[in-house]
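Geometric and topological summary
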Amino acid sequence: MNISNKTVLITGGGSGIGFATAKLLSEKGNKVIITGRNSARLQKAAAQLKNVTAIPCDINAEADVKNLVKEVQEKFSDLSVLVNNAGAAYAYQLSSEADAFAKASEEITTNYLSLIRLTEQLLPVLSKQKEAAIVNVSSIVVFAPTAVISTYSASKAAVHSYTQSLRHTLAKNTQIKVFELMPPLVNTEFSKGIGGENGIPALEVAEGLVAGFEKDEYEIQVGATAQIYQLFLSSPKDAFNALNQ
Ligand SMILES: NC(=O)c1ccc[n+]([C@@H]2O[C@H](COP(=O)([O-])OP(=O)(O)OC[C@H]3O[C@@H](n4cnc5c(N)ncnc54)[C@H](OP(=O)(O)O)[C@@H]3O)[C@@H](O)[C@H]2O)c1
């Protein structure tokens, strides 16, 4: 799928992978909308780029999502690409005192449930376009969890499963292609507590997304994700061990 002259919405587009993607896609002649909770950071990010609009939105807040969808319908009715990138994670050891319920609730809401709601509400706009796409950002951990981000890994495994069903369903009766972007460890704010400084740059992930898009490669395995996938196919146990050394 060609990714130029399109209107693209990127959740969590004010930082990290979302921002790198916004930058690359704006340079490729797309109109880009970025969302996030931190309005100041979002405006600052948009000001650095050409053809980028910032719309503050907490994807977990129903009213914010309603406003975002309304603004898209009114001002960006040519929206043809949705990148569900916003994410939350806690790095912690599972134990009796971890309060895993609260942490997992936030992760599953941000990474999975809110992604489903936003996708559903934008389907009518996306369905109107000749060619459209949804990109769900999951992770290398969909093939095997990393124990220190256990509940986050489970939320991304849910995104992987949902994305497969969504792709299958939308392929039957719409022009909407469904992609999954699976980054390995990436050097962003997000991964600071889990050795993110050893990760790949966010730009490499954005470039991987564009390359995958152009080849209609629906599961885009960036960097080490491709190796973990191969390992998973031959031995799930070895894939688990590789991610938990
Ligand atoms: N970094 C890695 O190693 C890595 C690896 C694999 C996958 N990923 C995935 O890549 C995606 C982007 O992460 P990143 O590494 O680029 O980290 P990041 O820079 O921290 O980006 C996360 C973004 O999500 C936004 N966000 C979080 N909660 C939100 C909410 N409730 N509503 C709206 N926006 C929200 C944040 O903006 P606000 O704070 O302004 O809301 C932020 O811009 C995530 O889905 C993450 O799971 C990351």
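All figures in this text were calculated on a predicted structure; none of them were measured in a lab. (Residues numbered from 1 in each chain as written. Predicted model: local features only at pLDDT ≥ 70, side-chain atom pairs only at ≥ 80, totals over all residues.)

Okay, the pairing of strand 4 (residues 79-84) next. Counting buried residues in strand 4 gives six out of six residues, a clear majority hidden from the surface. Looking at chain direction, strand 1 (residues 7-11) and strand 4 are connected through four bridges and run parallel. When the bridges of strand 4 are listed, Thr 7 appears paired with Leu 79. Two strands pair when backbone bridges link them, and strand 4 and strand 5 (residues 132-137) are joined in this way by four bridges, in the parallel orientation. (Buried ≥ 20, exposed ≤ 12 C-beta atoms within 10 Å, placed from the backbone. Helix = DSSP H or I, 4+ residues; strand = E, 2+ residues; numbered from the N terminus. Pairing = 2+ DSSP bridges.)

Moving on, we come to the site of the ligand. Near the ligand lie 32 residues; those nearest to it are Gly 12, Gly 16, Gly 36, Gly 87 and Phe 190. Of all the elements, helix 1 (residues 16-27) adds the most residues to the shell around the ligand, at three residues. Of the residues assigned to the shell around the ligand, the class counts are 10 nonpolar, 18 polar and four charged. (Near = placed C-beta within 6 Å. Nonpolar A, V, L, I, M, F, W, Y, C, P; charged D, E, K, R; others polar.)

Moving on, we come to the packing of helix 1 against helix 6 (residues 202-214). For the pair helix 1 and helix 6, the least separation of the axes is 8 Å and the interaxial angle reads 55 degrees. With respect to helix 6, the element helix 1 is oriented oblique. The hand of the helix 1/helix 6 crossing is right-handed. Facing Gly 16, Ile 17, Ala 20, Thr 21 and Leu 24 of helix 1, the residues of helix 6 in contact are Ala 202, Leu 203, Val 205, Ala 206, Glu 207, Leu 209 and Val 210. (Axes fitted to C-alpha atoms, helices over the stretch in contact; angles between N-to-C directions. Parallel < 35°, antiparallel > 145°, perpendicular 65-115°, else oblique. Left-handed = near helix turned anticlockwise from the far one by under 90°. Contact = placed C-beta atoms within 7 Å.)

Taken N-terminus to C-terminus, the directions of helix 4 (residues 100-127) and helix 5 (residues 150-173) make an angle of 20 degrees; their axes are 9 Å apart at the nearest point. When the axes of helix 4 and helix 5 are compared, the pair comes out roughly parallel. Judged by the sense of rotation from one axis to the other, the crossing of helix 4 with helix 5 is right-handed. Contacts between helix 4 and helix 5 involve Ala 100, Lys 103, Ala 104, Glu 107, Ile 108, Asn 111, Tyr 112, Leu 115 and Ile 116 from the first element and Thr 151, Tyr 152, Ser 155, Lys 156, Ala 158, Val 159 and Tyr 162 from the second.

This next bit is on the sheet that holds strand 6 (residues 176-182). Pairing within the open sheet is parallel, and its seven strands lie in the order 3-2-1-4-5-6-7. A single partner strand is all that each edge strand has here, and the edge strands are strand 3 (52-56) and strand 7 (219-221). Pairwise comparison of adjacent strand axes, ignoring direction, gives a mean angle of 20 degrees for this sheet.

For Leu 24, the position within the fold is in helix 1. C-alpha separation for the pair Leu 24 and Val 210, spaced 186 residues apart in sequence, amounts to 8.6 Å.

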